[in-house]
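Geometric and topological summary
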Amino acid sequence: MRAAIPALALLCTLAACDGDDGGEDGGMAGEDAAVPSGPRAVLSWRMRCASGRCPAEEPPARSIDAVNGQDGHEVFCDLTLEGDERRLRLTARDREGNGIEVRGARVGPEGGRLLGSLCQIRVYETADVDVFGPCGSNNPTADRPCQLQRVDIREVDGVPTLTGELRCEEVPAEGDDTRLRDVTSPTSAAGHAELTFTGCLGL
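Residues numbered from 1 in each chain as written. Predicted model: local features only at pLDDT ≥ 70, side-chain atom pairs only at ≥ 80, totals over all residues. Heavy atoms only, no water.

Turning to the overall build of the protein, a few remarks are in order. Broken down by element type, the protein carries 2 helices and 13 strands. The 203 residues of the protein split such that 38% are buried. Expressed as a percentage of contacts within the protein between residues at least 6 apart in sequence, the contacts between residues at least 24 apart total 53%. Of the roughly 11,200 Å² of accessible surface on the protein, 50% is carried by carbon and sulfur atoms. (Helix = DSSP H or I, 4+ residues; strand = E, 2+ residues; numbered from the N terminus. Buried < 20%, exposed > 50% of the residue type's maximum accessible area, 1.4 Å probe, protein only. Contact = heavy atoms within 4.5 Å. Areas by Shrake-Rupley, 256 points an atom, 1.4 Å probe, with all protein chains shown as cover.)

See below:
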């Protein structure tokens, strides 16, 4: 009997008798294969050169349809109520670094026109320049070159969702106000980029 115990121990070592370890490994593999969850962004836009030094080729249309962390995408959105208003903090960037960021925008609990004058838009473009400027609900102007309109916060197919439209005209590049750019729909120089966010804080 004493001789059988070491032999049994050896067999267990070779066959990985510890079922608990195997079960944990299997669980980790399942988690690694899981679909990412969290905030999701769906948007498409195009940066176009309005004036100043332009790139040799105009940047292509850009689009994002991803959950935060999926394939290197960064997505963040916070729509938390502060009193009777929501302060919008939105970020969506692809793995190359192209993207759109909204800071300081305030709307009512269900969206609507922007409240106050603190809204700022930043658009990242790896094939040209990053641009930055104030935004409002009205058509773009020299003082407020970006327009964020039709902000709507409601359930879409049972999912709390923020949607909106963005357009910039002659918004300056960061650090070089002689290089002006438009940010539009990917298919029309006169159209708006469309933004959709779900899974946000505060929704």
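The rest of the description comes next.
This next bit is on the packing of aromatic side chains. The full count for this structure, using the stated rule, is 0 aromatic pairs. Over the aromatic face of Tyr124 sits the side chain of Arg93, whose NZ or CZ is 3.7 Å from the ring centroid. (Phe/Tyr/Trp six-rings, centres within 6.5 Å; stacked < 30°, edge-to-face > 60°. Lys NZ or Arg CZ within 6 Å of the ring centre and 35° of its normal.)

A word on the pattern of salt bridges. Counted by the stated rule, this structure contains 15 salt bridges. A salt bridge links Arg106 to Glu85; the nearest nitrogen and oxygen atoms lie 3.6 Å apart. Taken as a pair, Arg106 in strand 6 (residues 99-108) and Glu85 in strand 5 (residues 85-93) lie far apart in primary sequence, 21 residues in all. Here Arg103 and Glu101 are joined by a salt bridge, their closest N and O atoms 3.5 Å apart. A residue is classified by how much of its surface remains accessible, and Arg103, at 29% relative accessible area, is partly exposed. (Salt bridge = Lys/Arg side-chain N within 4 Å of Asp/Glu carboxyl O.)

Mean pLDDT over the protein stands at 87; residues scoring 70 or higher make up 82%. Confidence drops under a pLDDT of 50 for residues 1-35, and excluding neighbours within four residues, the segment shows 1 contact in the predicted structure. (pLDDT = per-residue confidence, 0-100.)

A few words on the pairing of strand 7 (residues 111-115). When strand 6 meets strand 7, the two strands line up antiparallel, connected through 2 bridges. For Arg106, the partnering residue across the bridge sits in strand 7 and is Leu115. From the end of strand 6 to the start of strand 7, which pair antiparallel, there are 2 residues. Across 2 bridges, the pairing between strand 7 and strand 10 (residues 146-156) is antiparallel. What sits directly across from Gly111, in strand 10, is Asp152. (Pairing = 2+ DSSP bridges.)

This next bit is on the environment of Leu88. One can find Leu88 in strand 5. Between the C-alpha atoms of Leu88 and Cys77, which are 11 residues apart in sequence, the distance is 7.4 Å. With residues near it in sequence (within four places) discarded, Leu88 still touches Asp78, Leu79, Val102, Arg103, Gly104, Ala105, Val107, Val151 and Leu162.

Moving on, we get to the state of the cysteines. By definition, a disulfide links two cysteine residues through a covalent bond between their sulfur atoms. Going through the model one piece at a time under the given rule, you end up with 4 disulfides. Two residues, Cys77 and Cys200, share a disulfide whose sulfurs are 2.1 Å apart. Across the S-S bond of Cys77 and Cys200 the torsion is about -95 degrees, and the bridge reads as left-handed. Placement of the pair is Cys77 in strand 3 (residues 74-78) and Cys200 in the segment after strand 13 (193-198), with a sequence separation of 123 residues. One exposure class covers both Cys77 and Cys200, and it is buried. Paired through a disulfide, Cys146 and Cys168 show a sulfur-sulfur distance of 2.0 Å. Disulfide Cys146-Cys168: the torsion about the S-S bond is 105 degrees, which places it as right-handed. One end of the pair, Cys146, is in strand 10; the other, Cys168, is in strand 11 (residues 159-173), with 22 residues separating them in the sequence. According to the relative accessible area criterion, Cys168 is buried, its value standing at 1%. Numbered by order of appearance in the sequence, the disulfide-linked cysteines of the protein pair as 1-2, 3-8, 4-5, 6-7. (Disulfide = S-S within 2.5 Å.)

The subject of this paragraph is the environment of Gly112. Looking at the element boundaries, Gly112 is found in strand 7. Gly112 gets classed as partly exposed once you look at its relative accessible area, which sits at 34%. Taking the C-alpha atoms as reference points, Gly112 and Asp152, 40 residues apart in sequence, are found 6.2 Å from one another. Not counting residues up to four positions away in its chain, the partners in contact with Gly112 are Val107 and Val151.

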